[in-house]
Amino acid sequence: MNKFYIKVSEVRENDVLCFGNPKREIRVERVTHNSAGRIGFHANTDTWTAYYHPNDRVRIKARAY
């Protein structure tokens, strides 16, 4: 499956984030916004969370439509 970069503000639930070091993939279960304007991705039944600025870019697996 192909991977590509998108802006954090375009990530949706069920997108798969791809990381290189260490190599792993995380399926986004929930997307939130905090009072500082950052976007949070939550996964693994809320045991994994990461916050990004809306214009940051992340790599995801290609979406199946």
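What you see is a predicted model; the values in this text were computed from it and never measured.

(A) The arrangement of the sheet that holds strand β6 (residues 48-52) in detail. Spatial ordering of the open sheet is given by β4-β5-β6, a layout of three strands whose pairing is antiparallel. For this open sheet the edge positions go to β4 (30-33) and β6, each flanked by a neighbour on one side alone. Within this sheet the neighbouring strands show an average axis-to-axis angle of 20°, counted without direction. Where strand β5 (residues 39-43) meets β6, five bridges bridge the pair, whose relative direction is antiparallel. In the strand pairing of β6, alanine 43 is matched with tryptophan 48.

(B) Focus on the pairing of β4. With four bridges joining them, β4 and β5 adopt antiparallel strand pairing. Looking across to β5, one finds that threonine 32 is bridged to glycine 40.

(C) Summary view of the pattern of salt bridges. Applying the stated criterion across every chain yields a total of three salt bridges. We note a salt bridge from lysine 61 to glutamate 25, for which the minimum N-O separation is 3.1 Å. In this pair, lysine 61 is assigned in strand β7 (residues 57-61) and glutamate 25 in strand β3 (residues 23-27), connecting sequence segments 36 residues apart. Residue arginine 30 pairs with aspartate 46 through a salt bridge whose shortest N-O separation is 3.0 Å.

What counts as what
- Residues numbered from 1 in each chain as written.
- Predicted model: local features only at pLDDT ≥ 70, side-chain atom pairs only at ≥ 80, totals over all residues.
- Heavy atoms only, no water.
- Pairing = 2+ DSSP bridges.
- Helix = DSSP H or I, 4+ residues; strand = E, 2+ residues; numbered from the N terminus.
- Axes fitted to C-alpha atoms, helices over the stretch in contact; angles between N-to-C directions.
- Salt bridge = Lys/Arg side-chain N within 4 Å of Asp/Glu carboxyl O.

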